Amino acid sequence: MSLPPSFLQSRLAKLSRLAAHPEFAIGLREMLTVAPGIGAWGVMTGVAMVESGMNLVAVLLMAVLVFAGSSQLAALPLLSGGAPMWVVLATGFCVNLRFIVFSAHLRPYVRHQSRLRRLMSGYLFADINYVFFTRRFPTPATERDAILAQDAYWVGSGVCGWAVWSLTGLVGVGLGSSVPRSWGLGFAAILALLAITGSLITSRLQLLSATVAGVVAIVAYALPLKLNILVAIGVAVLACLVSESRSVRR
C-alpha cells in the first residue's frame, strides 16, 4: 500500500525545517568530533561480519540497518558458532538493556511526536548521541521554538552517527579480511567504546556496575558462547540492587 502524496510532502517539509535549523548543524558537528572512533568501530564490525561466514546479502543488510555495534559484535560469534537462537537474542537484549533507561529518560523530549516518528527517533539514537543531547538539553523544552531546536539537534546528531556507522561498516565489508591486524583498528575501536562508556558514568552506582561487570566478564571469559557477557550483566545488576537497598536502609 503506497503512502498518500500529502503525507510524504508533510514529512519532507518537516524534515526540511529541521535540517535548516541551526541546531541541526550543531548536532552534526558534535557527532563529527567522535567520528574517527565510531568509524574505526564500524570498519572492524564490517570486517567481523565478513569473517563470521554470513552470506553477502545478510552482511550488507546488517551493515546498513542494524545500528547497534556492541550487540552486533556480541551476536556475530554466536551466529557463526551455531549457538541457539535464544542465546543470541538474550545476549543482544542484555547488551542493549541500557537503552531502556535511556528511553525512559528521553520520553518527555519526544512525547509530542507521533508513534512512528518516536520509533524513528529511537532508531537514530545511540550511546554517544544520548551523552551529547542530554548535555546540551538537560531538561525537556515546553515552548514550540525550543522543542523545534531539540528535535533539530536530535536529527542532526542521529543522522550523522548513523551515516558514519553505516558507511564505515560497508567499508569494512568491502575490505573483508584484508585489513591487517597490525593497523590496530580493533584496539582503536575498543578504546572508542571505552571512552563512550566512561562518559556515561556520572554516579557511584554506575561506577560500581561498570567495575563489577568488567571484572566478572574477565573472570568468566572461559565460558562458552560468550556467556560471560550475560553473567557479567547479571552480577552487576545484582550488585547494584544490593548496594541501592543498603543505601535506602541507611
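Here, the structure is the one placed above.
Computed from a predicted model, the values in this text were never measured in an experiment. (Residues numbered from 1 in each chain as written. Predicted model: local features only at pLDDT ≥ 70, side-chain atom pairs only at ≥ 80, totals over all residues. Heavy atoms only, no water.)

Mapped onto the fold, histidine 105 is located in helix H7 (residues 98-110). Sequence-distant contacts of histidine 105, defined by excluding residues within four places in its chain, comprise Tyr130 and Thr134. One polar contact links histidine 105 to tyrosine 130, side chain to side chain, over a distance of 2.6 Å. (Helix = DSSP H or I, 4+ residues; strand = E, 2+ residues; numbered from the N terminus. Contact = heavy atoms within 4.5 Å. Polar contact = N/O pair within 3.5 Å; in protein donor to acceptor, adjacent residues only side chain to side chain.)

Bringing the environment of glycine 214 into the picture now. Looking at where glycine 214 falls in the secondary structure, it is placed in helix H12 (residues 204-219). With a relative accessible area of 30%, glycine 214 lands in the partly exposed category. Along the sequence, glycine 214 and isoleucine 233 sit 19 residues apart, while their C-alpha atoms lie 9.1 Å from each other. (Buried < 20%, exposed > 50% of the residue type's maximum accessible area, 1.4 Å probe, protein only.)

If the charged atoms of two oppositely charged side chains come close together, the side chains can form a pair. Tallied over the full model, the rule gives 3 salt bridges. Measuring nitrogen to oxygen at the nearest pair gives 2.5 Å for the salt bridge that ties arginine 98 to aspartate 127. Separated by 29 residues along the polypeptide, arginine 98 in helix H7 and aspartate 127 in helix H9 (residues 127-136) bring together distant segments of the chain. Among the residues examined, arginine 98 registers a relative accessible area of 25% and is labelled partly exposed. On the accessibility criterion, aspartate 127 (13% relative accessible area) is buried. (Salt bridge = Lys/Arg side-chain N within 4 Å of Asp/Glu carboxyl O.)

This next bit is on a nonpolar patch on the surface. Taken together, the side chains of Leu56, Leu60, Leu167 and Leu170 define a hydrophobic patch exposed on the protein surface, amounting to about 360 Å² of accessible area. Residue placement: leucine 60 occurs in helix H4 (residues 56-65). (Patch = residues over 30% accessible without salt bridge, like charges linked within 9 Å, V, L, I, M, F, W, Y side chains within 5 Å. Areas by Shrake-Rupley, 256 points an atom, 1.4 Å probe, with all protein chains shown as cover.)

Another aspect to go through is the packing of aromatic side chains. Counted under the stated rule, the structure contains 10 aromatic pairs. Seen in terms of ring centroids, tyrosine 109 and phenylalanine 133 are 5.0 Å apart; in terms of plane orientation they differ by 75°. Their pairing is edge-to-face. Separated by 24 residues along the polypeptide, tyrosine 109 in helix H7 and phenylalanine 133 in helix H9 bring together distant segments of the chain. Across the pair, phenylalanine 133 and tyrosine 109 agree in class, each one buried. (Phe/Tyr/Trp six-rings, centres within 6.5 Å; stacked < 30°, edge-to-face > 60°.)

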